[in-house]
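Next come the chains, spelled out residue by residue.
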Amino acid sequence: MDLSYILNEFAEDRDQYYRAVAPPIVQASNFAFAKVDDLRKAFENEYSTWLYSRGLNPTVEILRKKLGALDGAEDCLVFNSGAAAIFAAVLANVKSGDHIVSVKEPYSWAQRMFEVILPRFNVTVTYVDGTVVENFEQAIRPNTTVIYLESPNSWFFQLQDLEAIAAIAKRKNIVTICDNSYCSPIYQKPVQMGIDLVLQSATKYIGGHSDTVAGVLSGSRAMIERIFNSEYMNIGSGIQPFNAWLLIRGLRTLPARLEKITKTTGEVIRFLQQHPRVEKVIFPLDPSFPQYELAKKQMTGGCGLVTFMIRAAESATIETFCESLKHILMAVSWGGHESLILPKCAGMRPDAFDPANEGHRSLRLYIGLEEPAYIIGDLEAGFAAIEALS
Ligand SMILES: *Cc1c(COP(=O)(O)O)cnc(C)c1O
């Protein structure tokens, strides 16, 4: 399906709503029936019609069809957060006694699920270094039912060979789940590489304006229908109509925003790479990246997330850098209009900071929609502030 068709027309039926160009927000909890038999059919199969908005809703329906098509998947569900999409995808594929093989350091709330919630139900996890395919093969046990992936990871961007891991999993009847938040479906399509379930935080690029939280889960019709009838309906974590409408609006400009962000990111990376205070720049589509070849093979683009290390003997240097930025905001998340900085040292006690550990000195920069010179000028101000310290 043509990208422009998906974003501008697919799943929209303007004859249903006054030929309005933007779809309505159907802010209704329930839908009325004229015939008992129609109501009976809705009870029999809630995945077939409007009955109650914890299930299907017309505004959400437009969004989920578009997002499924964007992922190149048969079907899709939209949740009220990326974390909820992770929870449903994993929960739907484990029972007591099962085992998960996960890439190490997955998104923090996936990790919490694996370490805090699932052990209570006798489900265990083994973490592996995902850069080596054989590690997955070696970690698989007879009771492994899920391989959990995140490629690239959102801090240091380690990749997994999605095609190779999907092939191993298929032979052993193991479900593969991949978090695709970094690339978004514009730059990577895991379903086409054989991954069973692909998810992303729509809070990031799909929403694109830092004003809503949501998650997407795509896969085969059979798998998604099963998740709808169980985890989705039972946890009640589906997206609300207004938030769905915001995401439909976000989709209209998604390629244009990513194009701009990608271009600016290249310019900012070039600035950082030549700066004497910068020790290292990590970006999956930079030739210096250890998995550059794999990145080129399975991703058609990078995005606005870049990690860099500055030369610093104490965390105060990094703190001064971040606090001296006038335009780049210090905040979590990414994918919106605004550039962001996140220092790794904020996640640790000041006395735990080890200047010899380059991970501790890392800063994650998200490049938003501002002009390149505006962002670079702000980074220059940050570097000037730390020069003034010494
Ligand atoms: C943000 C994020 C999530 C979680 O999404 P929410 O919408 O915040 O619940 C999951 N995975 C990755 C890689 C993320 O960056």
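Identification of the chain as PLP-dependent transferase from Sediminibacterium roseum is taken from an unreviewed UniProt entry. In its Sequence similarities (unreviewed entry) section, UniProt records this for the chain: "Belongs to the trans-sulfuration enzymes family." Per UniProt, the comment on the chain under Cofactor (unreviewed entry) is "pyridoxal 5'-phosphate".

Undergrad: Help me understand the nonpolar core, please; the structure alone is not making it clear to me.
TA: Counting 73 residues, the largest nonpolar core has L272, F308, F321, L379 and F383 as the members making the most contacts within it. By residue number, the principal contributor to this core is helix 11 (residues 254-274), which donates seven residues. Each of domain 1 (3-252) and domain 2 (254-387) contributes no fewer than three residues to this core. Contact partners of F321, with chain neighbours within four places excluded, come to F308, I310, I341, L363, L379, G382, F383 and I386.

Undergrad: Got a minute to help me understand the sheet that holds strand 3 (residues 124-128) in this structure?
TA: The strands that make up a sheet pair up through hydrogen bonds in the backbone, lying either parallel or antiparallel. The strand order across the open sheet built from seven strands is 1-7-6-5-4-2-3, with neighbouring strands paired in mixed fashion. Edge positions in the sheet fall to strand 1 (75-79) and strand 3, since each has one partner strand and no second. Neighbouring strand axes in the sheet, compared pairwise and without regard to direction, differ in orientation by 20° on average. Relative to strand 3, strand 2 (residues 99-103) runs parallel, the two sharing five bridges. Within strand 3, the residue paired with I100 across the bridge is V125. Docked against the sheet, helix 9 (residues 221-235) engages strand 1, strand 5 (175-179), strand 6 (197-201) and strand 7 (215-219), running at close to 30° with respect to strand 1.

Undergrad: Help me out: how do you make sense of the packing of aromatic side chains in this one?
TA: Think of a pair of aromatic rings as described by two things: how far the centres are apart, and how the planes are tilted against each other in angle. Counted under the stated rule, the structure contains 14 aromatic pairs. Relative to F156, the ring of W155 lies with its centre 5.8 Å away and its plane at 45°, an arrangement referred to as tilted. The class for W155 is buried, based on a relative accessible area of 15%. Clustering of aromatic rings is evident, with ring pairs tying together Y47, F79, F228 and Y232. A cation sits over an aromatic face here: R112 above W109, 4.4 Å from the ring centre. The aromatic ring of W155 is capped on one face by R364, whose charged end is 5.5 Å from the ring centroid.

The rules behind the values
- Sequence order as written defines the numbering, with residues in each chain counted from 1.
- Predicted model: local features are reported for residues with pLDDT of at least 70 only, side-chain atom pairs are reported and counted for 80 or more only, and whole-chain, interface and lining totals are derived from all residues.
- The side-chain quantities take in all heavy atoms of the structure and omit both hydrogens and water.
- UniProt positions are given in the numbering used here, feature names are shortened, and annotations may be inferred rather than shown by experiment.
- Among the buried residues, those of types Ala, Val, Leu, Ile, Met, Phe, Trp, Tyr and Cys that are joined through side-chain atoms within 4.5 Å form a nonpolar core.
- When a residue's accessible area, from a 1.4 Å probe over protein chains only, is under 20% of the maximum for its type it is buried; when over 50% it is exposed; and in between it is partly exposed.
- The numbering of helices and of strands both runs from the N terminus, where a helix is a DSSP run of H or I of at least 4 residues and a strand a run of E of at least 2.
- Throughout, the edges of the domains are those of an automatic or database domain assignment.
- Residue contacts follow a heavy-atom distance rule, with two residues in contact if any of their heavy atoms lie within 4.5 Å.
- Strand pairing is assigned whenever DSSP detects at least two bridges linking the two strands.
- Fitting a line to C-alpha atoms yields each axis, with helices limited to the stretch in contact; the angle taken between N-to-C directions then spans 0 to 180 degrees.
- Here the aromatic set is Phe, Tyr and Trp, taking the six-membered ring for Trp, and pairing holds for ring centres within 6.5 Å; pairs whose planes are under 30 degrees apart are stacked, those over 60 apart are edge-to-face, and all others are tilted.
- Working rule: Lys NZ or Arg CZ, within 6 Å of ring centre, within 35 degrees of ring normal, means a charge sits over the ring.

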